[in-house]
Number of protein chains: 2
Amino acid sequence: MNCRVIGLDADDTLWHNETIFARVQERYRALLSQYHDAEAVDRTLLATERRNIEHYGYGVKGFTLSAIETAIELTKGRISAQEIQTLIDTGREMLAHPVELLDGVAETLPTLAQSHRLMLITKGDLVDQQRKLTKSGLAEYFTGVEIVSEKDPATYEDILRRQGTDPAEFLMVGNSLKSDVLPVLEVGANAAYVPYKVTWALEQSDEIPDAPDRFFRLASIRELPALVK
Amino acid sequence: MNCRVIGLDADDTLWHNETIFARVQERYRALLSQYHDAEAVDRTLLATERRNIEHYGYGVKGFTLSAIETAIELTKGRISAQEIQTLIDTGREMLAHPVELLDGVAETLPTLAQSHRLMLITKGDLVDQQRKLTKSGLAEYFTGVEIVSEKDPATYEDILRRQGTDPAEFLMVGNSLKSDVLPVLEVGANAAYVPYKVTWALEQSDEIPDAPDRFFRLASIRELPALVK
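Residues numbered from 1 in each chain as written. Chains lettered and ligands numbered in written order. Predicted model: local features only at pLDDT ≥ 70, side-chain atom pairs only at ≥ 80, totals over all residues.

1. A short note on the sheet that holds strand β3 (residues 144–147) of chain B
Neighbouring strands of a sheet are bound in pairs by backbone hydrogen bonds; such pairs are parallel or else antiparallel. All names here are of chain B. One open sheet holds the six strands; their spatial order is β3-β2-β1-β4-β5-β6, and the pairing between them is parallel. The open sheet is flanked by β3 and β6 (215–217), the only strands paired with a single partner. Taking the axes of each pair of neighbouring strands and ignoring which way they run, one obtains an average angle of 20° across the sheet. Lying on the sheet, helix α8 (residues 177–186) is in contact with β4 (170–174), β5 (190–193) and β6; it crosses β5 at an angle near 155°. (Pairing = 2+ DSSP bridges. Helix = DSSP H or I, 4+ residues; strand = E, 2+ residues; numbered from the N terminus. Axes fitted to C-alpha atoms, helices over the stretch in contact; angles between N-to-C directions. Contact = placed C-beta atoms within 7 Å.)

Right, here's the structure in full:
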């Protein structure tokens, strides 16, 4: 592939994220278990998140607000202020959580950075994503960082235009078909899908990428240097 | 002044923001008035915001979380879940609030955009600031938008370097000495201070800018075209 610039997603592509949310959701279900079963808790929280995403965007702060709102709804207001405080504390713990790189990332990024311009392209809270990048020790390998509110075709077009990068020379790498693959293929660029073990419901997609020469499915980020050689 | 690029702050420089927070804080004091007087409420909320800013950054979502936490603290947990829900609802109202331009902005920006490159440089929630820019009707006048987590000298240096702009050719315009003036002067660029009628406590500064040839104090954004002519 004749690629000059590589865009990399952050959460669950470079470092673990969904597993942290999964552990938090486990505690959340336990908090509400005297009121509702796990399935109802998960379903209602997801509905709240979906409804709020337009206002809150992605990230821990919006998740925390949605979790508080859902808990009030599911307990018909019987949840105590102390229990709500534990949700706020949990959110703050998530924002201070250590960054754990995915297998292969620490070895692969320095190699890629020698031959390609690397850009971090991620959604989420501004402060939190910058913190994670700093803590990851990977910041030096990126020539650009784009923290965006939505990963749609217009976002990618805008980034490529501002960087003066031709779509044919751009490869996006990430764990979400919805955010890292489909919109990238739509603007004529290349995409490498590296699935993570869990995918958040709002990132799931039934659509199958239909661009055999521009779409690649990798088992690990370790396969990336061979792909872009 | 030989300026080619103008950076503009958003909240309380282009559109009203602090007045919205002030109205919300009024309701917040009323909610807690049976527990504490207004001064104690304001002081405790500010202390919570200051403590949380490292984790939450700037913006409505962090404010809402800090307001909930402060209410739990000030009522020793006696605040009801329904009252906490009103705080969440208020936060969401703020995120859907109409954008009201400051006097002179609608007339001045098109004029400036004819002779200069304009950049929006603002802190706050990513999604919220993008929404306000869209609703403001001003988006077409900006060639770049930077939503940043902190406005310090490093942030301005980074923006200028990425844009290939010499500090001497850059003028930042805003209502905060702390965020829009002092760090800009520190990196060798120019700054125009246009005070708003209210300044948030965390934006207040006692430092007096000491760069007479690069610092300008304007009564209104209407004075800007003459300054940069």
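2. Thoughts on the sheet that holds strand β6 (residues 215–217) of chain A
All names here are of chain A. Strand order in the open sheet made by the six strands is β3-β2-β1-β4-β5-β6, with parallel pairing throughout. Two strands close off the open sheet at either side, each with one partner strand: β3 (144–147) and β6. On average, each strand axis in the sheet is tilted by 20° relative to the strand beside it, whichever way the strands run. Relative to β3, strand β2 (residues 117–122) runs parallel, the two sharing four bridges. What sits directly across from Leu120, in β3, is Val145. Packed onto the sheet, helix α8 (residues 177–186) meets β4 (170–174), β5 (190–193) and β6 and runs at close to 155° relative to β5.

3. As for the interface of chain A and chain B
Across the boundary between the two partners, chain A contributes 27 residues, which contact 27 residues of chain B. Those elements that provide at least two residues to the side of chain A that touches chain B are α2 (38–56), α3 (60–74), α4 (81–95) and α6 (126–136) of chain A. When its residues are assigned to classes, the side of chain A that touches chain B shows 13 nonpolar, ten polar and four charged. (Nonpolar A, V, L, I, M, F, W, Y, C, P; charged D, E, K, R; others polar.)

4. Thoughts on the domain arrangement of chain A
All names here are of chain A. As far as domains go, chain A holds domain 1 (5–15 + 100–228) and domain 2 (18–95). Placing a centre on the C-alpha atoms of domain 1 and another on those of domain 2 gives a separation of 28 Å. Contacts between domain 1 and domain 2 engage eleven residues on the former and twelve residues on the latter. Looking at the side of domain 1 that touches domain 2, its residues break down into five nonpolar, two polar and four charged. (Domains from an automatic or database assignment.)

5. So, the environment of Asn190(B)
All names here are of chain B. If you trace the backbone, Asn190 turns up in strand β5. Sequence spacing of Asn190 and Glu169 is 21 residues, and the spatial spacing of their C-alpha atoms is 7.9 Å. Residues in contact with Asn190, not counting those within four places in the same chain, are Met1, Cys3, Phe170, Leu171 and Arg214.

6. Considerations on the relation of the copies chain A and chain B
Taken as rigid bodies, chain A and chain B are interconverted by a rotation of 180° and an axial shift of 0.0 Å, the fit giving an RMSD of 0.0 Å. The two molecules are tied by a two-fold rotation axis, judged by turn and shift. Mapped onto chain B, 100% of the interface residues of chain A again fall at the interface, so both copies present the same surface. (Least-squares fit on C-alpha atoms with pLDDT ≥ 70 in both.)

7. Looking at α4(A)
In a regular helix each residue adds 1.5 Å, so 15 residues correspond to 21 Å; α4(A) covers 21 Å between its end C-alpha atoms and thus fits that length. All of the buried residues in α4(A) are Ala81(A), Ile84(A), Leu87(A), Gly91(A), Met94(A) and Leu95(A). Within α4(A), the buried residues cover an arc of 135° as seen down the axis, which keeps them to one side. Exposed side of α4(A), more than 90 degrees from the buried face: Gln82(A) and Asp89(A) are the residues found there. Structurally, α4(A) contributes buried residues whose contacts are with α1 (18–31), α3 and α6 of chain A together with α2 (38–56), α3 (60–74) and α4 (81–95) of chain B. (Expected span 1.5 Å × (residues − 1). Buried ≥ 20, exposed ≤ 12 C-beta atoms within 10 Å, placed from the backbone. Arc of directions from axis to C-beta.)

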